[in-house]
Amino acid sequence: MNSLRIGLMSAALVAGLTSASAQTVAADSVMQHVNGKRLSVGGYGEVAMSRNFYSDHVSRYSLADEHKNDPSHGRFDIPHAVIYLGYDFGKGWTMGTEIEFEHGGVGMAYEKEDEEGGEWEQEVEKGGEVELEQFWIQKSFGRWANIKAGHIVVPVGLNNAYHEPLNFFTVYRPEGENTVLPSTWHQTGISFWGKTKGWRYELQFLAGLNSDNFTNTGWINKGPGTPTEGEIATKYGTALRIDNYCIKGLRIGLSGYYGHAIGNSYPNNKDGAESKYKGVVAIGAIDFTYNNYNWIVRGQADYGYLSDAKQLKYFTNRLNGLSPFHHSAFVSKNAFAYGIEAGYNVFSQIEKLRQDNQKLYLFGRYEHYNPYASKTKNTSYDYTNVQRMAVGINYYPVKQIVVKAEYSHRFLKSQYNNEPAINIGVAYEGWFL
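Quick caveat: nothing in here was measured; it's all calculated off a predicted structure.

**Remarks on the overall build of the protein chain**
What the protein chain contains, in helices and strands, is seven helices and 19 strands. Across the protein chain, the fraction of contacts at a sequence separation of at least 24, relative to all contacts at a separation of at least 6, is 68%. For the protein chain, the accessible surface area stands at approximately 19,200 Å², while carbon and sulfur atoms represent 60% of it.

Below is the structure:
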């Protein structure tokens, strides 16, 4: 669905959708802001403040008792600032781009790698801090058939399909999917998509993921990343998404991914252990959004499988301490994430505020996720098994702006310390031209 958001510049959509029908086919999408001009300029951005009432020490899990009473820590952040540019060339040909600045950075950062014993690493990540999240050229033959080629969003899961800040209640993106899957998942490839009656469908052919980037705490989260020029495509993957809008106010989506990840790295080691395995990545997901009667309810469930997971630890790139792919921990064969959130607009009961189109949602969220759901070679990392709850408010003074505040709490297994936090944020989303 994210690709539909940017695909709004296509001639077919501009000609064929009224504002009412746009909300029917993309009720959660920034698409409803389109004004039909040949040049489209828009974007979204988030500012966030957090106070975390738990330790930030690298050994907070391995030596949990020693860090039980560590001081709290805070952070100001700009998680995402995004600029959309789109152009309709005519005759069904369109172009779309999305340039994203993450955490207000310029591409270089220092961070402690928990899985490497807390050593400091300097990172200049391609696609990490300043990235071209989308760049594609599309030909539209009609509502039912559109082909786009370039760098595109992979709409697997709710978070990837609807990752703009007005599409979730929490200050930060929903944590479960944001942990186990790439987010926002974007790769270079070819997409065929369309819609008919109450259905939308999309099939993508993509460069494969890189298993050298898989981790115990993030599963395949970093899989699309590469420090090399160009996107390595020795192996390939496919993604599919289908959405149904037949019931008023309700959208139900099914999505999935299949591809090979071992050997999709540089250099391609034809004689090493990597040549003996495939690293099949298979993901299935279901999600929904219900927006009616002053309620918004969203939910998702994702399950993933990785073959040959126990072999990854011993591959050449991961063993080399100087390699950008160096990881010392095992990777799980399975990962999962599921969650649900619901919010009610209390201003709907106050006539003056309702007429002024102001909204105030009181919401709650629950999610459970584990990027290391299988004990590879009987090795445990039980701190990856997380249940999280959040309660808070979303205030919309105008349609394009939301002010968010929440109290959240991560519940870990009994040998670890739980992780409460307070998060406050403000975000915008819309089209300017």
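Still to come is the rest of the account.
**As for a nonpolar patch on the surface**
Taken together, the side chains of Phe141, Trp144, Ile147, Ile190, Phe192, Trp199, Leu203, Phe205, Tyr236, Leu240 and Ile242 present a nonpolar region at the surface, about 1,100 Å² in accessible area. Secondary structure elements with two or more residues in the nonpolar patch: strand S9 (186-196), strand S10 (199-207) and strand S11 (236-244). Along the chain, Trp199 turns up in strand S10.

**Section: the pairing of strand S18 (residues 401-411)**
Where strand S17 (residues 386-398) lies against S18, ten bridges are found, and the strand directions are antiparallel. Of the residues in S18, the one forming a bridge with Ile393 is Ala405. Turn length for the S17-S18 hairpin, with the two strands adjacent in sequence and antiparallel, is two residues. The pairing of S18 with strand S19 (residues 419-431) spans ten bridges and is classified as antiparallel. Paired with Glu406 across the strands is Asn423, a residue of S19.

**As for the packing of aromatic side chains**
Between two aromatic rings, the relevant description is the distance of the centres plus the angle of the planes. Counting across every chain of the model gives 20 aromatic pairs. When the ring of Tyr61 is compared with that of Tyr383, the centres are 4.7 Å apart and the planes differ by 5°; the resulting orientation is stacked. Here the residue Tyr61 occupies a position in the loop between strand S1 (39-52) and strand S2 (73-77), and Tyr383 occupies one in the loop between strand S16 (359-370) and S17, the gap between them amounting to 322 residues. For Tyr61, a relative accessible area of 18% corresponds to the buried category. Through pairs of rings, three or more aromatic residues link up here, namely Tyr61, Tyr372, Tyr381, Tyr383 and Tyr416. Sitting above the plane of the Phe141 ring, Lys139 keeps its charged end 5.6 Å from the centroid.

**Considering the pairing of S16**
Of the pairings in the sheet, the one linking strand S15 (residues 334-345) to S16 comprises ten bridges and is antiparallel in character. Paired with Asn345 across the strands is Tyr361, a residue of S16.

**Re the nonpolar core**
Counting residues in each nonpolar core, the largest one holds 31 residues, and the members touching the most others are Phe214, Ile220, Tyr257, Val281 and Ile283. Elements with a minimum of two residues in this core: strand S13 (280-292) and S15. Discounting residues that sit within four places of it in the chain, Val281 has contacts with Leu209, Phe214, Ile220, Tyr257, Tyr258, Gly259, Ala261, Tyr305 and Leu306.

**Focus: the pattern of salt bridges**
Within the structure shown, the criterion is met by 16 salt bridges. For Arg388, the salt bridge identified is with Glu175, shortest N-O distance 3.5 Å. Here Arg388 is found in strand S17, whereas its partner Glu175 is found in helix H5 (residues 175-180), with 213 residues between them in sequence. No difference in accessibility class separates Arg388 from Glu175, as the two residues are buried. Here Asp243 makes a salt bridge to Arg241, at a shortest N to O gap of 2.9 Å. Just as Asp243 is buried, Arg241 falls in that class too.

**A look at the side chain of His151**
Mapped onto the fold, His151 is located in strand S8 (residues 145-153). Reaching out from His151, the side chain makes a polar contact with the side chain of His186 at a distance of 2.8 Å. Not counting residues up to four positions away in its chain, the partners in contact with His151 are Leu132, Glu133, Gln134, Phe135, Trp136, His186, Gln187, Thr188 and Glu231.

**Some words on the environment of Gly339**
Residue position: Gly339 is located in strand S15. Sequence spacing of Gly339 and Asp302 is 37 residues, and the spatial spacing of their C-alpha atoms is 9.3 Å. Here Gly339 is in contact with Arg298, Gly299, Gln300, Arg365, Tyr366 and Glu367, once residues within four sequence places are set aside.

**Some details on the confidence of the model for the protein chain**
Per-chain confidence: the protein chain averages 86 in pLDDT, with 85% of residues scoring 70 or above. Below a pLDDT of 50 lies the segment residues 1-34, which in the model reaches 106 contacts outside its immediate sequence neighbourhood of four places, other chains included.

The rules behind the values
Residues numbered from 1 in each chain as written. Predicted model: local features only at pLDDT ≥ 70, side-chain atom pairs only at ≥ 80, totals over all residues. Heavy atoms only, no water. Helix = DSSP H or I, 4+ residues; strand = E, 2+ residues; numbered from the N terminus. Contact = heavy atoms within 4.5 Å. Areas by Shrake-Rupley, 256 points an atom, 1.4 Å probe, with all protein chains shown as cover. Patch = residues over 30% accessible without salt bridge, like charges linked within 9 Å, V, L, I, M, F, W, Y side chains within 5 Å. Salt bridge = Lys/Arg side-chain N within 4 Å of Asp/Glu carboxyl O. Pairing = 2+ DSSP bridges. Phe/Tyr/Trp six-rings, centres within 6.5 Å; stacked < 30°, edge-to-face > 60°. Buried < 20%, exposed > 50% of the residue type's maximum accessible area, 1.4 Å probe, protein only. Lys NZ or Arg CZ within 6 Å of the ring centre and 35° of its normal. Core = buried A, V, L, I, M, F, W, Y, C linked by side-chain atoms within 4.5 Å. Polar contact = N/O pair within 3.5 Å; in protein donor to acceptor, adjacent residues only side chain to side chain. pLDDT = per-residue confidence, 0-100.

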